[in-house]
Amino acid sequence: MVDNRPDIRPSIRTARARVSGLGAAHHGTREWWLHRVTAVSNVPLVLAFVVIVALMAGRPYPEAAALVSHPLVAILLILGVLSVTNHMRMGLQIVIEDYVHDKGLKIAAVIANTFYCVVVAVACLYAIVRVSLRALA
């Protein structure tokens with residue numbers, strides 16, 4: 001039998017404070033906010049990426065490598081890669097969790113999504129670091 005009596009233990013927290021941040025599944029608020037934060041951070045980082053690519057257009061490789069080796073440019077590119085790949089991972093995970101109904105397939109798809117995003121991020125970071133460090137030598 002279920003006990004439906006209200007909890008009468010004393011608490012200094014209000015009823016709203018006890019349930020604040022809990023969705024239907026009692027978790028997920030952190031991921032929701034992180035997804036929004038990466039979306040907002042992607043705006044200036046992608047704009048910076050477009051400007052950097054536009055500056056490199058038509059230039060020979062040594063000049064483009066010299067541009068990427070500038071510390072500010074390299075940091076912007078690295079931050080962009082980290083933010084975009086993290087946003088991509090979270091967005092695809094939301095789609096997988098909402099539309100894949102078989103539990104085993106859902107777990108496999110989330111793992112594959114995570115590995116794919118990590119591989120993309122590592123490849124991009126390796127390329128940025130390699131080009132920026134080689135240009136310094």
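The rules behind these values
- Residues numbered from 1 in each chain as written.
- Predicted model: local features only at pLDDT ≥ 70, side-chain atom pairs only at ≥ 80, totals over all residues.
- Heavy atoms only, no water.
- Core = buried A, V, L, I, M, F, W, Y, C linked by side-chain atoms within 4.5 Å.
- Buried < 20%, exposed > 50% of the residue type's maximum accessible area, 1.4 Å probe, protein only.
- Helix = DSSP H or I, 4+ residues; strand = E, 2+ residues; numbered from the N terminus.
- Contact = heavy atoms within 4.5 Å.
- 1 Å grid on protein atoms, 1.4 Å probe; cavity = no way out; pocket = protein on both sides within 12 Å on 5 of 7 lines; lining within 4 Å.
- Points joined across faces, edges and corners; volume = space filled by probe spheres on them.
- Patch = residues over 30% accessible without salt bridge, like charges linked within 9 Å, V, L, I, M, F, W, Y side chains within 5 Å.
- Areas by Shrake-Rupley, 256 points an atom, 1.4 Å probe, with all protein chains shown as cover.
- Salt bridge = Lys/Arg side-chain N within 4 Å of Asp/Glu carboxyl O.
- Arc of directions from axis to C-beta.
- UniProt positions renumbered as here; feature names shortened; annotations may be inferred.
- Expected span 1.5 Å × (residues − 1).
- Phe/Tyr/Trp six-rings, centres within 6.5 Å; stacked < 30°, edge-to-face > 60°.

(A) Structural context of the nonpolar core. Core analysis: the largest hydrophobic core is formed by eight residues, namely I52, L67, V68, V73, L77, V81, A121 and I128. Secondary structure elements with two or more residues in this core: helix 3 (61-68), helix 4 (71-99) and helix 5 (103-136). Per-element tally for this core: the top contributor is helix 4, with three residues. Once residues lying within four places of it in the same chain are set aside, the contact partners of I128 are V68, A74, L77, I78 and V81.

(B) Here's a closer look at the layout of surface pockets. In this model, the second largest pocket occupies a volume close to 260 Å³. Lining the second largest pocket are 16 residues, with F49, L77, G80, V81 and V84 sitting closest to its centre. Listing elements by their share of the lining of the second largest pocket, those giving two or more residues are helix 2 (29-56), helix 4 and helix 5. The biggest single contributor to the lining of the second largest pocket is helix 4, with seven residues.

(C) A look at a nonpolar patch on the surface. A contiguous nonpolar surface patch, about 380 Å² in accessible area, is contributed by V46, F49, V50, V53 and V84. If one sorts the elements of the nonpolar patch by residue count, helix 2 sits on top with four residues. Along the chain, V53 turns up in helix 2. Classification of V53 as partly exposed rests on a relative accessible area of 37%.

(D) The environment of A39, seen in detail. Topologically, A39 is positioned in helix 2. For A39, a relative accessible area of 31% gives the class partly exposed. Residues A39 and V84 lie 45 residues apart in sequence; the distance between their C-alpha atoms is 8.2 Å.

(E) Representation of helix 3 in the model. Among all positions in helix 3, only A64, A65, L67 and V68 are buried. Seen end-on, helix 3 carries its buried residues on one side only, within an arc spanning 155°.

(F) Region of the structure containing the UniProt feature "transmembrane region" (unreviewed entry) in the protein. Sequence positions flagged by UniProt for "transmembrane region" (unreviewed entry) are, in local numbering, residues 39-58, 64-84 and 105-129. Along residues 39-58 the backbone is 90% helical and 0% strand, and the end-to-end C-alpha distance reaches 30 Å. Annotation note: span residues 105-129, helix share 100%, strand share 0%, distance between end C-alpha atoms 36 Å.

(G) Structural context of helix 4. In this model helix 4 runs 42 Å from its N-terminal to its C-terminal C-alpha over 29 residues, within 8% of the 42 Å that 1.5 Å per residue would give. Buried within helix 4 are the following residues: V73, A74, L77, G80, V81, S83, T85, M90, Q93 and I96.

(H) Focus on the packing of aromatic side chains. Scanning the model with the defined rule gives one aromatic pair in all. A centroid spacing of 5.0 Å and a plane angle of 90° characterise the contact between W32 and W33, whose relative ring orientation is edge-to-face. Here W32 falls in the partly exposed class, since its relative accessible area comes to 43%.

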